[in-house]
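Topology and contacts: notes
Single-letter residue listing:
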Amino acid sequence: MVLLTTSHRVAPGLLSWPAWQALRAADAVLCADGAHPQLPYLREAGIAVAESAPTAQELVDACAGGRTVVVVATGEGEPALTDGLARLAGSGRVRMPALELLPASYDLPGARLLDLVQVMDRIRVECPWSSRQTHEGLAKYGIEEAYELVEAIEAGDRAELREELGDVLLQVVFHSRIAEEHPQTPFSIDDVAGGIVAKLIRRHPHVFGEETAETPEEVRANWLRVKAEEKRRTSVTEGIPLGQPGLALAAKLASRARIGGLDVPLPQGDDIGYELLALAARAESTGTDPETALRAAARVYRDAIRRAEGVDPDPGEAADRR
C-alpha cells in the first residue's frame, strides 16, 4: 500500500523517479479527486488511474494476495483514510499490508511564496476591506511596517523580526496584486521579482560577470557605477527621497557628495538645523548611521526616564511578565 503525496507548489507531472517506478509497478492506482492536477499527466504517461475513494478496509482488501495499490493523495493528505488505517492496525484483528508514504514531489526553497500569492489573490477578491484598497491608501502601512521592522532589528527580538519581515513582504505582494488591475500599465508580482533579479545581476558584475571586487568598498563602487550608467543622472542628489527622516537625509546627501568626490562645504547658519546637519555629516564620514545612533541614545534616555518614574525600564520585558 503506497500513499503518494505531491506538492501543489511544483508543476504537475514533475514527479520523482521512485514515484514513477511505484506508479508503473502498481496493480492499481486510485485517486479520490477526479480533478487532481496530476491525473492528466499520469494518464498521458500510460498510468491507469481509477477515480475511487475506498475506505480503509476496502483498501486493505484490495492489497490482498500481495497486490500493490498506490493512492494518489489529495491536497488534504487523505486524513480520513489514514485515520481508518490506524484504527484497523490498532485493533490487532486485521492483517495489515506494508504501508509506504512516498513523497512524489518536494517544495523548492521559496515555494511558500506561491501560497502567499494565492492567498492574496483570494483576499483581494473576497475581502470587503482588501478589495477596496489602493496604492495610495496602503502607503502609510508600508512606512509603519518598515519602522516596526527596524525596531525589531534594534531590539534583537528574533520572533518579532520574523513577523515584521512577513508584514513588509505582505506590502510588496499586496501592492503587486493591486497593480495587476491597472487598466493601462498593469504588472504582477512576477514582474516585480523579475525586475529585482535583473537589477541584482547587473549590479553584481563581480559575481555574475568578469569584473572583480575584493572588498565591500569595491562592491559599492561597482554598484554605484552601474547604477549611474542605468539612471543617467545629472546630479548625485537625484534619487534621494526628501521625505525620509532628517538625519538620514543629511547623511545620505553627505555620502553622495563624498563618494562623488565633491568637496562641498557645509552651509553655515545659526539655526540648530545646521548643527544637526554638521553632526550627521560627521557621523557619515566615520561610518556611523546617525539615525540609528540617535535611536539607540533615545532608547537609553527612555529607560532613564522610566527609572526616574520607578517604572520598569523595558516595557517589552514587563509585558512579557504579564
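Coordinates for the structure precede this section.
All of the points below concern the structure found in this document. Computed from a prediction, not measured in an experiment: that's the story for all the values here. (Residues numbered from 1 in each chain as written. Predicted model: local features only at pLDDT ≥ 70, side-chain atom pairs only at ≥ 80, totals over all residues. Heavy atoms only, no water.)

1. Some details on the overall build of the protein chain
Helices and strands together make up the secondary structure of the protein chain, namely 14 helices and 5 strands. In terms of C-alpha radius of gyration, the protein chain reaches 30 Å, well past the compact-globule figure of 20 Å for 322 residues. Across the 322 residues of the protein chain, 27% fall into the buried class. Taking all contacts inside the protein chain whose residues are at least 6 apart in sequence as the whole, residues at least 24 apart take part in 58%. Surface accessibility of the protein chain: about 21,100 Å² in total, with carbon and sulfur atoms responsible for 57%. If you average the places of the 35 positive and of the 50 negative side-chain charges in the protein chain, the two averages end up 1 Å apart. (Helix = DSSP H or I, 4+ residues; strand = E, 2+ residues; numbered from the N terminus. Rg over C-alpha atoms; globule rule 2.2 N^0.38 Å. Buried < 20%, exposed > 50% of the residue type's maximum accessible area, 1.4 Å probe, protein only. Contact = heavy atoms within 4.5 Å. Areas by Shrake-Rupley, 256 points an atom, 1.4 Å probe, with all protein chains shown as cover. Lys, Arg positive; Asp, Glu negative; His and termini not counted. Charge placed at Lys NZ, Arg CZ, Asp CG, Glu CD.)

2. Digging into the nonpolar core
Among the nonpolar cores identified, the biggest contains 18 residues, and Leu 4, Leu 23, Val 29 and Leu 42 are the most heavily contacted of them. Within the residue set of this core, elements represented by two or more residues are strand S1 (2–5), helix H1 (17–25), strand S2 (28–31), helix H2 (39–44) and strand S4 (69–72). With 4 residues, the single largest contributor to this core is H1. Residues in contact with Leu 23, not counting those within four places in the same chain, are Leu 4, Leu 15, Val 29, Leu 42, Ile 47 and Val 70. If you look at the next biggest cluster of nonpolar residues, it comprises 13 residues, including Leu 3, Ala 73, Leu 85 and Leu 88. (Core = buried A, V, L, I, M, F, W, Y, C linked by side-chain atoms within 4.5 Å.)

3. A few points about the packing of helix H6 (residues 135–155) against helix H13 (residues 290–308)
Contact geometry of H6 with H13 gives a least axis separation of 12 Å together with a crossing angle of 65 degrees. What the angle tells us is that H6 and H13 run roughly perpendicular. Read as a crossing pair, H6 and H13 show a hand that is right-handed. The segment H6 lies against H13, with Val 150, Glu 151, Glu 154 and Ala 155 engaging Thr 292, Arg 295 and Arg 299. Classifying every residue of the contact of H6 with H13 gives 2 nonpolar, 1 polar and 4 charged. (Axes fitted to C-alpha atoms, helices over the stretch in contact; angles between N-to-C directions. Parallel < 35°, antiparallel > 145°, perpendicular 65-115°, else oblique. Left-handed = near helix turned anticlockwise from the far one by under 90°. Nonpolar A, V, L, I, M, F, W, Y, C, P; charged D, E, K, R; others polar.)

4. Describing a negative patch on the surface
A contiguous patch of negative charge, built from Glu 144, Glu 148, Glu 151, Asp 157, Glu 160 and Glu 163, is present on the exposed surface. When residues of the negative patch are traced back to their parent elements, those giving at least two are H6 and helix H7 (158–179). The dominant element in the negative patch, judged by the number of residues it contributes, is H6, at 3 residues. Its location among the elements puts Glu 163 in helix H7. (Patch = residues over 30% accessible without salt bridge, like charges linked within 9 Å, V, L, I, M, F, W, Y side chains within 5 Å. Salt bridge = Lys/Arg side-chain N within 4 Å of Asp/Glu carboxyl O.)

5. Considerations on helix H5 (residues 112–126)
Counting along an α-helix, one turn takes 3.6 residues, and residues three or four places apart therefore face a common direction. In a regular helix each residue adds 1.5 Å, so 15 residues correspond to 21 Å; H5 covers 21 Å between its end C-alpha atoms and thus fits that length. Within H5, the full set of buried residues consists of Asp 115, Met 120 and Arg 124. Down the axis of H5, the sector holding all buried residues measures 165 degrees, keeping them to one side. Counted as exposed and oriented over 90 degrees from the buried face of H5: Arg 122, Val 125 and Glu 126. Elements that come into contact with the buried residues of H5 comprise H7. (Expected span 1.5 Å × (residues − 1). Arc of directions from axis to C-beta.)

6. Points about the pairing of S1
Judged from the 3 bridges that link them, S1 and S4 form a sheet pairing that is parallel. Each bridged residue has a counterpart across the sheet, and for Leu 3 the counterpart in S4 is Val 71. (Pairing = 2+ DSSP bridges.)

7. Some remarks on the packing of aromatic side chains
Scanning the entire structure with this criterion turns up 2 aromatic pairs. Ring geometry for Trp 129 versus Tyr 141: centroids 6.2 Å apart, planes at 75 degrees, classification edge-to-face. Separated by 12 residues along the polypeptide, Trp 129 in the loop between H5 and H6 and Tyr 141 in helix H6 bring together distant segments of the chain. A relative accessible area of 25% means that Tyr 141 is categorised as partly exposed. Pairing Trp 129 with Phe 174 gives two aromatic rings, centres 6.4 Å apart and planes at 65 degrees, and the pair type is edge-to-face. Here Phe 174 lies in helix H7 and Trp 129 lies in the loop between H5 and H6, a separation of 45 residues in the sequence. Each member of the aromatic cluster is reached from another via a ring pair, and the members are Trp 129, Tyr 141 and Phe 174. Positioned above the aromatic ring of Trp 223 is the side chain of Arg 203, whose terminal nitrogen or guanidinium carbon lies 4.9 Å from the ring centre. (Phe/Tyr/Trp six-rings, centres within 6.5 Å; stacked < 30°, edge-to-face > 60°. Lys NZ or Arg CZ within 6 Å of the ring centre and 35° of its normal.)

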